[in-house]
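Chain residues, written in single-letter form:
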Amino acid sequence: MQASDNIIFAGPVELEQLVHKYIGETEKNLILCDTNTASYCLPIIKSYLPEINDDQLIIIDAGDEEKNITSLHHIWSKMQFHGVDRSNILINLGGGMITDIGGFAASTYKRGIPFVNIPTSLLGMVDAAIGGKTAINLSKIKNQVGSFRHAEAVIIYPPFLDTLPDEEKRSGYAELVKTALVFNKSLFQQLMKIDSLDFIDDEVIRMAASLKQGVTQKDFLDRAERQCLNFGHSIGHALEALYFSHGKELSHGYAVASGILCEAYISTRVTKLPMKDFEDIQKHILDGFPTVAFSVDDIHDILALIRHDKKNFDGDIRMSLLSNIGHCKQAIPIPPDLIEESLMYYIKHTT
Ligand SMILES: NC(=O)c1ccc[n+]([C@@H]2O[C@H](COP(=O)([O-])OP(=O)(O)OC[C@H]3O[C@@H](n4cnc5c(N)ncnc54)[C@H](O)[C@@H]3O)[C@@H](O)[C@H]2O)c1
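The following refers to the structure shown. (Residues numbered from 1 in each chain as written. Predicted model: local features only at pLDDT ≥ 70, side-chain atom pairs only at ≥ 80, totals over all residues. Heavy atoms only, no water.)

1. Examining the sheet that holds strand β1 (residues 7-9)
Right, on to step 1. With parallel pairing, six strands are arranged side by side in an open sheet as β1-β8-β5-β4-β2-β3. In this open sheet, the two strands that pair with only one neighbour each are β1 and β3 (57-60). With direction set aside, neighbouring strand axes in the sheet form an average angle of 20°.
Right, on to step 2. As paired elements, strand β4 (residues 90-94) and strand β5 (residues 115-119) share five bridges and run parallel to each other. Residue pairing across strands places Leu-90 opposite Phe-115, the latter belonging to β5.
Right, on to step 3. Across the face of the sheet, helix α1 (residues 12-22) comes into contact with β1, β4, β5 and β8 (153-156) while running at roughly 150° to β8. (Pairing = 2+ DSSP bridges. Helix = DSSP H or I, 4+ residues; strand = E, 2+ residues; numbered from the N terminus. Axes fitted to C-alpha atoms, helices over the stretch in contact; angles between N-to-C directions. Contact = heavy atoms within 4.5 Å.)

So this is what it looks like as structure tokens:
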């Protein structure tokens, strides 16, 4: 297996060459899209390779609930129907939903065929398409079944973002902020100067993608420093689950942004994040993301949800926390009272 991701930043000229290299050789190289990326991104690929025919396409409905065993079965069956073998390549053209399920389908079909990720969402470009984690959800629980296997190549072509809805862009931006906070202060300082997500420059995407590549190279199997990528997610996931239990929708990115603020608050106490760093984080989160509303009465349920987090062990709630912007420590035990205090702080500063 490859030791690292082969990330290729492409302009139109490179994209044309890569499309010919990875798709053009045989009709058995299939392309997986969701309904949105089939409408908005596939035409760009086809403009470079008009020979692509409809039989080569596997299109599934958009939305994370489609990252399931039924869609997986459909992808495997299509590959089998077309006589795909290990000499062929599956092209995953989409956001994290498509690269996760496509990566898993390819990594398991005939004990593993190569796949190429072409991320089309911001979250995909800076995070999901990189690092070799593939997965599907099981019984509505996220990423329960998956594998570790690198893509043959990850082709990043930022103009795909032109059609990405604003809410999706902001959701991906939360992960970008997280990556900067845990690994690179100068990237965070660059982000603090951005006043519109329409102007995320390619250099920012390139920096974030290579930070993700770097940590996954060091800790491919997620046993140590890769866990820092979970900063903001212990509380973020609990907020998502709280909304879900009330039958309400909450964007993953907005939940993570709130989780970042609460976990930065906890970091000031436990890992001694300096107050100046905390204030910069607070300003960036409160200016850049909508408030995630919850009340004092919800705190008990949020804590119960955090207790189920898979990063916990030895009976302790564990989190990745910041010691400075750009430096993170993983698996730190956190007293529940402090989590409660951070949630109270969030409520106080957002209402
Ligand atoms: N494997 C990993 O390391 C990793 C890391 C983080 C997240 N993830 C996974 O990634 C998924 C979330 O990724 P996501 O936010 O990209 O979600 P997504 O793939 O569902 O895309 C979000 C929405 O944007 C649409 N879309 C994507 N690109 C578009 C484009 N260029 N133009 C128009 N519409 C477009 C999609 O159709 C979808 O409706 C989750 O399943 C999460 O578990 C995986």
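2. Quick look at the nonpolar core
Right, on to step 1. Residues Ile-45, Leu-176, Ile-281 and Ile-339 are the most contacted members of the largest nonpolar core, which totals 118 residues.
Right, on to step 2. Discounting residues that sit within four places of it in the chain, Ile-281 has contacts with Leu-181, Phe-188, Ile-260, Ala-264, Leu-273, Leu-322 and Ile-325. (Core = buried A, V, L, I, M, F, W, Y, C linked by side-chain atoms within 4.5 Å. Buried < 20%, exposed > 50% of the residue type's maximum accessible area, 1.4 Å probe, protein only.)

3. Structural notes on the pairing of strand β10 (residues 327-334)
On any regular strand, side chains alternate: one points to one face of the sheet, the next to the other face.
Right, on to step 1. Across six bridges, strand β9 (residues 317-324) lies against β10 in antiparallel orientation. Pairing of Leu-322 across the sheet is with Cys-328, part of β10.
Right, on to step 2. Linking β9 to β10, which pair antiparallel, is a turn of two residues; within it Gly-326 sits at a positive phi near 100°.

4. Section: the pattern of salt bridges
Right, on to step 1. Taken as a whole and assessed by the stated rule, the structure comprises 14 salt bridges.
Right, on to step 2. Ionic pairing is found between Lys-178 and Asp-127, a salt bridge with its closest N-O pair at 3.4 Å. Note that Lys-178 is positioned in helix α7 (residues 166-183) and Asp-127 in helix α6 (residues 122-128), a separation of 51 residues in sequence.
Right, on to step 3. The exposure class assigned to Lys-178 is buried, which follows from its relative accessible area of 1%.
Right, on to step 4. For Asp-127, a relative accessible area of 11% translates into the label buried.
Right, on to step 5. The residue Arg-206 makes a salt bridge to Glu-203 at a minimum N-O spacing of 3.6 Å. In this pair, Arg-206 and Glu-203 are both assigned in helix α9 (residues 202-218), three residues apart and thus about one turn of the helix distant.
Right, on to step 6. Owing to a relative accessible area of 39%, Arg-206 belongs among the partly exposed residues under this scheme.
Right, on to step 7. Owing to a relative accessible area of 40%, Glu-203 belongs among the partly exposed residues under this scheme. (Salt bridge = Lys/Arg side-chain N within 4 Å of Asp/Glu carboxyl O.)

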